[in-house]
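Residue strings, one per chain:
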There are 2 protein chains.
Amino acid sequence: MTDSWATFGADLHLELGTGGQAGERGGAAPHGVRGVRAGLVAALREAVRGGRLAAGTRLPSSRQLAADLGIARNTVADAYAELVAGGWLTARQGSGTRVAARPVTRPRAPERRGPAYSLMPGSPDLAGFPRRAWLAAARQALAEAPHEAFGYGDPRGRPELRTVLAEYLARARGVYADPGRVVTCAGFAHGLMLLGRVLRERGVRAVAVDPYGLDVHRDLLADAGLETVPLGAGELPGPGVGAVLATPAHRFPTGDALPARRRAELVRWAGATGGLLLEDDYDGEFRYDGQLVGALQGLDPDRVVYCGTASKSLAPGLRIGWLVLPPALADEVVAAKGGSDWTSSALEQLTLAQFIASGSYDRHVRGMRLRYRRRRDQLVAALAERAPRARVSGVAAGLHAVLELPAGTEPAVLREAADRGLVLEGLARYRHPAAALPPRDALVIGYATPPDSAWTPTLDVLCAALRAVVAA
Amino acid sequence: MTDSWATFGADLHLELGTGGQAGERGGAAPHGVRGVRAGLVAALREAVRGGRLAAGTRLPSSRQLAADLGIARNTVADAYAELVAGGWLTARQGSGTRVAARPVTRPRAPERRGPAYSLMPGSPDLAGFPRRAWLAAARQALAEAPHEAFGYGDPRGRPELRTVLAEYLARARGVYADPGRVVTCAGFAHGLMLLGRVLRERGVRAVAVDPYGLDVHRDLLADAGLETVPLGAGELPGPGVGAVLATPAHRFPTGDALPARRRAELVRWAGATGGLLLEDDYDGEFRYDGQLVGALQGLDPDRVVYCGTASKSLAPGLRIGWLVLPPALADEVVAAKGGSDWTSSALEQLTLAQFIASGSYDRHVRGMRLRYRRRRDQLVAALAERAPRARVSGVAAGLHAVLELPAGTEPAVLREAADRGLVLEGLARYRHPAAALPPRDALVIGYATPPDSAWTPTLDVLCAALRAVVAA
């Protein structure tokens, strides 16, 4: 027995002589009492029609297929000839027998046609992804990875990445971290799913959140069986609340930093009640105006869960995030993940570890920080000049600004922008359904989102839309 | 304002003059009324002690840090001098001021010291991962990826990968697939989590499984709220069962293929009851002896969910799998995933798409198939010669063999092997707790697991352990 069966027979997936059970659309067509040649013709035709043999695919020689299937060579040659005559296959000297190009009806992934301009918040400039440096890190990671890295992984994540992250987070974000407290995850959403499950298993029933925040995060907590309760300025969580989800360095979407007094209040609350603070440090690397805002976690590493992500500093498509946890909680999160790392690619983790250790991450963040700061300055200047009635805030850091609008104008501005091909978001959609707040009209402007080439026209469209509504 | 604040201030994370709230271990040390120099010394010392400034880290020049912090240069120089004197920093001409090497107590990831030999099933030969070809595919993927690929992704997975997979699965596994039915996931376990959630939401309460199977899969179903019911040979699922989980091409761990008659029975059951068949095609690419076993899914694409994975054909560490689903179920699985692809790296998906489209996947599978078949042949030959009382089965395909042992000897063989530094598994641990089966002593031998270099000694140890118990 040669390997040709495995190679060609399996690849063609012809089941001559075993048929009878095969349905009409899948498997090989059943041929029952029909001759071997007719069966082969039907099977090949079916394979081409169904798309299992793509146009241009080279078939094995008749001699080879005959040997593989244990039938006469002439039978195969005759079947090929019949299919060539029928337009299913082509036979050309030197190029062998191939599947003919046919208009097979196969659904293509629909092309995504977005609007012309976008200032949707939540995304870095995807055109800025450091492809070359990332490839270099991947090369290094592939060269240095131990064989076991390709196996089923430790649910804590790759030790190389956890070690590098602990050093980086201590240095850059003031996080009290050692690799034993770090658990990698597939981005913040995945981390929040895990934390939600752990909190629920601890008996927690409610989590306090900002009155303005991401509905997707509230939904993830609700999926875990946790109620979310909006926490007003100066309020402390009520007795039923076991944790607070916050974005202290740059609150999302309102854009301010949590004041030092408020930080201390929350830490005291956590210490006194045994509650936990979940710190979503989604864009902590991007701060422009000197006033440093370190991670809340440094104040009380045993009560604060630090959550970081590569989604803003690099790209959401990498799906890499990290949690720095109190040791007891780390064990519970690992248990919630299951016996192995079911989600995160070891290679991507090793690549990120190389990317950070080599200094590429710092370089990239520094470059993007300059780029985003420039955009922020241009945004502020353009608005001051062309839409003076709109007040910008939340711009000391991060990738978005908040633009306060005259009362009642938010929906009209969004409509006007959409009419001009610009999508962006208003503050209203971030409001917690149970929040007790006075109405506040504002835009949440993700100024990192457009590629450089689209930045100036996007800004023009924004200003024009604002003028049309607000100056009217 | 220059960028140096952001660069050095943020990187060092010194919060001079903002202190008072910072706790002892995180953030910068509070300095309150103490002088600026003392505060700087304390902050730097704390940063070194806590590991936030790693040994060897180069500090900014005193001039630069002074400018960044807005304090006198001499103050910084004095603080540096004090810390050099105390052994915290080193200062050398030309090399600047650096953090001294100190025995910081930072837990290292413990080195994993496994047993000397392993025949644990469930893993391919990790040393066979095609690093060079994978890097080439990654390079191509990085060069060709549209910018949007780096953003938040479609929960169905990257369209490039789904298109390539549909073609591959049709050709190689007889799967009736089009990209619209394909949903990518982070390996089979993740796919099973999603399917479990969907089944539970459809009101299913129990899933039939083989009497021997993976406990981790049963646990994942239990986590989703689904009871697992062992299904004996020839039995059909009872009225409360909404789905059957099976490994038709190469049953795990028993190693046989599901007979054609049984396949037809299950498909008829599914059609008659509206049940679903979950086909775990974990090692379908590896079949050695000519008898082709196509995917069950081809028989009824509207009742069979095909689940494939790169974990055996490439590596578990990639965390890439795929589901081919009836269209209605595809929508439900996508909904269960959430509004975005929260788990899988877009780059890894694009790399795998390139890897398959370029022919590297076929080449790799062909090469590994030869390698594994050779090992299988060597295993069978060695056992026939050196442990003739043990009968091998399940070796027509896949990465493991089942070795029947004389009644009652399984635990002793496992102990004997462990004493000789060889880990492997017996059949007992795969048995469903509720299975009604006569006792069956056997080993499940993952012959793909060892690297080539360890293969011969591993085989020797296995035979020696068998002889010691079975021939005794």
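Residues numbered from 1 in each chain as written. Chains lettered and ligands numbered in written order. Predicted model: local features only at pLDDT ≥ 70, side-chain atom pairs only at ≥ 80, totals over all residues. Heavy atoms only, no water.

Novice: Which residues make up the pattern of salt bridges, and what are the values?
Specialist: Residue and element names in this part refer to chain A. What the rule picks out here adds up to 44 salt bridges over all chains. Of the charged contacts in the structure, one is a salt bridge between E332 and R202, with a shortest N-O distance of 2.8 Å. Here E332, found in helix α10 (residues 327-337), pairs with R202, found in the loop between α7 (188-201) and β5 (206-209); they are 130 residues apart in sequence, far enough to count as distant. For R262, the salt bridge goes to E265, with nearest N and O atoms at 2.9 Å. Remark: E265 and R262 occur in helix α9 (residues 260-273); sequence separation between them is three residues, near one turn of the helix. (Salt bridge = Lys/Arg side-chain N within 4 Å of Asp/Glu carboxyl O. Helix = DSSP H or I, 4+ residues; strand = E, 2+ residues; numbered from the N terminus.)

Novice: Explain the packing of aromatic side chains to me, and be specific about the residues and the numbers.
Specialist: Residue and element names in this part refer to chain A. According to the stated counting rule, one finds 18 aromatic pairs over all chains in the structure shown. Between F355 and Y361 the ring centres are 6.4 Å apart and the planes differ by 85°, which places this aromatic pair in the edge-to-face class. Judged on exposure class, the residue F355 and its partner Y361 are both buried. In this structure, R429 is placed above the aromatic ring of Y430, and the distance from its NZ or CZ to the ring centre is 5.1 Å. (Phe/Tyr/Trp six-rings, centres within 6.5 Å; stacked < 30°, edge-to-face > 60°. Buried < 20%, exposed > 50% of the residue type's maximum accessible area, 1.4 Å probe, protein only. Lys NZ or Arg CZ within 6 Å of the ring centre and 35° of its normal.)

Novice: Before we move on, could you go through the packing of helix α7 (residues 188-201) of chain B against helix α10 (residues 327-337) of chain B and cite the residues and values that matter?
Specialist: All names here are of chain B. The interhelical angle for the contact between α7 and α10, taken along N-to-C directions, is 105°, at an axis separation of 9 Å. The angle between the axes of α7 and α10 places the two elements in the roughly perpendicular class. Only L329, E332, V333, A336 and K337 of α10 make contact with α7, whose side of the interface consists of H190, L194, L195, R197 and V198. Among the residues forming the contact of α7 with α10, the class breakdown is six nonpolar, one polar and three charged. (Axes fitted to C-alpha atoms, helices over the stretch in contact; angles between N-to-C directions. Parallel < 35°, antiparallel > 145°, perpendicular 65-115°, else oblique. Contact = heavy atoms within 4.5 Å. Nonpolar A, V, L, I, M, F, W, Y, C, P; charged D, E, K, R; others polar.)

Novice: Lay out the side chain of Q354 of chain A in plain terms, naming residues and giving numbers.
Specialist: Residue and element names in this part refer to chain A. Among the structural elements, Q354 can be located in helix α11 (residues 346-357). For Q354, a relative accessible area of 18% puts it in the buried group. When sequence neighbours within four positions are dropped, the list of residues in contact with Q354 reads A137, Q140, A141 and E144.

Novice: Describe in detail unusual backbone geometry, supporting the description with residues and values.
Specialist: Residue and element names in this part refer to chain A. Cis peptide bonds are those with omega within 30 degrees of zero, and the linkage from F252 to P253 qualifies with 0°. Within the fold, P253 resides in the loop between β7 (241-246) and α9. We note that R319 has phi near 50°; this positive angle belongs to a residue other than glycine. With respect to the helices, strands and loops of the structure, R319 is situated in the loop between β9 (304-309) and β10 (321-324). For R319, a relative accessible area of 5% translates into the label buried.

Novice: I'd like a rundown of the pairing of strand β6 (residues 227-230) of chain B, residues and numbers included.
Specialist: Going residue by residue along β6 of chain B, you find T228 and P230 of chain B tucked away on one face and E227 and V229 of chain B left uncovered on the opposite face. Handedness of the crossover joining strand β5 (residues 206-209) of chain B and β6 of chain B through helix α8 (residues 215-223) of chain B: right-handed. (Right-handed = clockwise from strand over helix to strand, strands pointing away.)

Novice: Requested: an account of the sheet that holds strand β11 (residues 391-393) of chain B, with residues and values cited.
Specialist: Strand pairing in a sheet is mediated by backbone hydrogen bonds. Such pairs are either parallel or antiparallel. All names here are of chain B. Read from one edge of the open sheet, four strands run β11-β12-β15-β14, paired in antiparallel fashion. The outermost strands of the open sheet, each flanked by one partner alone, are β11 and β14 (425-426). The pairing of β14 with strand β15 (residues 442-446) spans two bridges and is classified as antiparallel. Bridge assignment links E425 to a residue of β15, and that residue is V444. (Pairing = 2+ DSSP bridges.)

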